[in-house]
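Here is what each chain is made of, one letter per residue.
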Amino acid sequence: MEMEQLVALCKRRGFLFQSSEIYGGINGFWDYGPLGVELKRNVREAWWRDMVAGHNEQVAPPGAPEPYEMVGLDCSIIMHPQVWKVSGHYDLFHDFMVDCREAKGRYRYDQVQGRWVEHDGRRIFVTTYSSGQEGLDETLQKALKFFNLRSKNADQLQWDGPLVPLPSVKNPELVLAPAAKQLGTLTEPREFNLMFKTIIGALGTEEDAAFLRPETAQGIFVNFKNVLDSTRVKIPFGIAQMGKSFRNEITPRNFTFRSREFEQMEIEFFCHPSQSQAWYQYWRDRRFRWYTDLGLAGDRLRLREHDKEELSHYSCGTADIEYAFPFLTKGEFGELEGVAHRGDFDLRSHSEGKLVREGDQLVVEKDAEGKPRHRGSGKDLTYFDDVTRERYLPHVIEPSAGADRAVLAFLCEAYAEDEAPDEKGKPTKRVLMRFHPRLAPIKAAVFPLVKKDGMPEIAQEIYSALKPHLTVFYDEKGAVGRRYRRQDEAGTPFCITVDGQTLQDGTVTIRDRDSLQQWRVKKDDCLAEIQQRLTP
């Protein structure tokens, strides 16, 4: 599948639209259409049902060291500014960017790639913001244009190796920027804070500044004591949250993969330090299995443990669940979810102040006067076990998933093309979305074969019976074959057709989206039949 095919289908069928499209759009923001909003809601509900609402705290799930409890939160998007100073986001949450003085473009420094090329004794580094074959094609065209050559003279260019990152180049005066015609137009890299700034109150002074949250996790940490004091949870337990986060990405791209507004599905799991490694292993495997259970499988999905050099300064271990999105170069993967062993870093930070690493220890960062650079709350966030009489700071395991990236992965995995007979029995190309039934935006569509002989009335009766229980669709327009195709593109797993036999014996035809198999059931049994097939 080419990514352009999926993007076109998403626009045509109402999965995703560019935000503010009638005004030219706004980069990094996306709107979910009628089908998209149902798909995303189903992804969120599957996550919440499987991780929280459907969890049985009385028994230990397979692989878990012991039974545990799960509760939820819904925290505000704007929090006290000190939260982000103590967490490290205020000082450390940035990317490096470079500007092009000629083309007035702005790029993330670590995402610009290029390759060396030589012609007639002159050697330059041609850059692109694309990867894979697209990046190779772009650098070829840019080099031909720079050296004033035609495509038929491409063999006169001598290329030195594959695409490599811009940061590896030590001669900025030889760099041809992605949209430039001259060499050496890129500025030196500089820091760019990714948090969106806003103002609280009417005065609008710097003292009134706050930030839209760049992640949902901190709201959980600062409410840790509130949850303990207001519920009967005992360690080990998890706090789950779904919600919007905002990051001022320098160059959002790849459809919804890198956006400025996105939704997260996060768990902060609190456990005894002696069991934290076992819980890390459990959550790593449990979250990977969630994606495979919902249809992401095969060599396009992988679980990758971070090398020691990749780990954050507070991390005791991190694994990424990654998917081979079609916009990436063959062999490359993009992150769907990170599962991190955060130790006691977060609760310590919000109690003592911003922490930095000194050797093997995390210590409170001091200013020039020897005082904490960013003070914590001073609150005691330890946990007291009234059975063992032990007081300690819990360790945290954090499975952090992106709802939008999950939706994008399920869209990519679902897209398929095959051949199926049309209404005249002739094999024709068919585009379909093979969503797992739990995720499908529409669970069933109801058709009368023709708009006469009482068939529409029976079909509407079935539709009305299903509607309170399932997301269903009614369609009586056009040939039934074309109606099937429309539902295949929407990912609807089952179609129910009222036909001539229905008038005789009260049975209807149910058609399966993937196998195209059809079978008959009594019209009054449609709800039970569909619900049974939707049950995981």
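See the structure shown above.
In this report, we go over the structure that sits alongside the text. No experiment lies behind these values; they were computed from the predicted model shown. (Residues numbered from 1 in each chain as written. Predicted model: local features only at pLDDT ≥ 70, side-chain atom pairs only at ≥ 80, totals over all residues. Heavy atoms only, no water.)

**Brief notes about helix α10 (residues 403–414)**
- Between its terminal C-alpha atoms α10 stretches 16 Å, which fits the 16 Å expected from twelve residues at 1.5 Å a residue.
- Residues Ala 403, Asp 404, Arg 405, Ala 406, Val 407, Leu 408, Ala 409, Phe 410, Leu 411, Cys 412, Glu 413 and Ala 414 constitute the buried set of α10. (Helix = DSSP H or I, 4+ residues; strand = E, 2+ residues; numbered from the N terminus. Expected span 1.5 Å × (residues − 1). Buried < 20%, exposed > 50% of the residue type's maximum accessible area, 1.4 Å probe, protein only.)

**Re the packing of helix α1 (residues 3–13) against helix α12 (residues 480–490)**
- Viewed as axis vectors pointing N to C, α1 and α12 meet at an angle of 115°, and their least axial separation amounts to 10 Å. Of the two elements, α1 crosses α12, and the hand of that crossing is left-handed. Residues Leu 9, Arg 12 and Arg 13 of α1 form the contact with α12, whose participating residues are Arg 486, Glu 489 and Ala 490.
- The class makeup of the residues in the contact of α1 with α12 is two nonpolar, no polar and four charged. (Axes fitted to C-alpha atoms, helices over the stretch in contact; angles between N-to-C directions. Left-handed = near helix turned anticlockwise from the far one by under 90°. Contact = heavy atoms within 4.5 Å. Nonpolar A, V, L, I, M, F, W, Y, C, P; charged D, E, K, R; others polar.)

**A closer look at the environment of Gln 501**
- Tracing the backbone shows Gln 501 in helix α13 (residues 500–505).
- When the C-alpha positions of Gln 501 and Met 1 are compared, they lie 40 Å apart, and in sequence the two are 500 residues distant.
- The residues touching Gln 501, leaving out its near neighbours within four places in the chain, are Gly 506, Thr 507 and Arg 520.

**Overview of the side chain of His 374**
- Position of His 374 among the secondary structure elements: in the loop between β19 (361–364) and β20 (383–385).
- Here the side chain of His 374 touches Asp 91 through a polar contact of 2.9 Å, side chain to side chain.
- Sequence-distant contacts of His 374, defined by excluding residues within four places in its chain, comprise Gln 82, Lys 85, Val 86, Tyr 90, Asp 91, Gly 353 and Lys 354. (Polar contact = N/O pair within 3.5 Å; in protein donor to acceptor, adjacent residues only side chain to side chain.)

**Points about the packing of aromatic side chains**
- Applying the stated criterion to the full structure yields 28 aromatic pairs.
- The interplanar angle of 65° and the centroid separation of 5.9 Å between the aromatic rings of Tyr 68 and Tyr 282 together place this pair among those described as edge-to-face. Of this pair, Tyr 68 sits in the loop between α2 (34–53) and β3 (69–72) while Tyr 282 is found in helix α8 (residues 276–293), placing the two residues 214 residues apart along the sequence. Here Tyr 68 and Tyr 282 have matching classes, each one buried.
- Seen in terms of ring centroids, Trp 279 and Tyr 282 are 5.7 Å apart; in terms of plane orientation they differ by 85°. Their pairing is edge-to-face. You can see Trp 279 and its partner Tyr 282 sitting in helix α8, three residues apart, about one turn around the helix.
- Look at Tyr 282 and you get buried, because its relative accessible area is 3%.
- Feature note: the residues Tyr 68, Phe 269, Trp 279, Tyr 282 and Trp 283 constitute an aromatic cluster, connected by ring pairs.
- Across from the ring centre of Tyr 90, 5.2 Å away, lies the NZ or CZ of Lys 85, which sits over that ring.
- The ring of Trp 116 carries Arg 123 above its face, with NZ or CZ at 4.3 Å from the centroid. (Phe/Tyr/Trp six-rings, centres within 6.5 Å; stacked < 30°, edge-to-face > 60°. Lys NZ or Arg CZ within 6 Å of the ring centre and 35° of its normal.)

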